[in-house]
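# Observations on the model geometry
Chain residues, written in single-letter form:
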Amino acid sequence: MKFFCTECNHEFEADKPSKKEYKDYILGPCWKYVSDCPKCGQETNEKIIPKPQKLTISYPQNSCNGDCNCCG
Ligand SMILES: [Zn+2]
């Protein structure tokens with residue numbers, strides 16, 4: 001997993017990143033991977049940050065195919 005430190009512009013690979021929970025003001029509780037920069041010790045985000053992942057279990061989308069009464 002690759003991380004990029006914006007403090008010292010250092011890119012590094014982390015074997016054991018830690019999972020950090022944080023609050024997104026839109027999505028609420030989320031988590032991301034962080035790791036300490038080996039150069040400056042700064043907490044560093046994953047290089048490519050995917051979309052915030054919600055902590056709560058997401059339910060599958062309604063897979064109604066029209067064979068029911070729910071969609072007329
Ligand atoms: Zn750094």
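The structure reproduced in this document is the subject of the present report. Bear in mind the structure is a predicted one, so any value in this text is a computation, not a measurement.

### What to know about the pairing of strand 3 (residues 18–24)
- Little of strand 3 sits out of view: just zero of its seven residues are buried.
- Note that strand 3 and strand 4 (residues 28–36) share seven bridges and pair antiparallel. From the neighbouring strand, Glu21 faces strand 4, where its bridge partner is Trp31.
- Connecting the antiparallel pair strand 3 and strand 4 is a turn made up of three residues.

### Let's talk about unusual backbone geometry
- Positive phi is not limited to glycine here, since Asn9 has a value of about 50°.
- Following the sequence through the fold, Asn9 ends up in the loop between strand 1 (2–5) and strand 2 (10–13).

Thresholds, definitions, all that
- Going along each chain's sequence as written, the residues are numbered from 1 onward.
- For a predicted model such as this one, the threshold for reporting local features is a pLDDT of at least 70, and the threshold for listing and counting side-chain atom pairs is 80 or more; totals across whole chains, interfaces and linings nevertheless cover every residue.
- Exposed residues have 12 or fewer other C-beta atoms within 10 Å of their own C-beta, buried residues have 20 or more, and residues in between are partly exposed; the C-beta atoms are placed from the backbone.
- The way it works is that DSSP assigns letters per residue, a run of H or I at least four long becomes a helix, a run of E at least two long becomes a strand, and they are numbered from the N terminus.
- Only when DSSP finds a minimum of two bridges between them are two strands counted as paired.

By themselves, these figures tell us nothing about what the structure is for.
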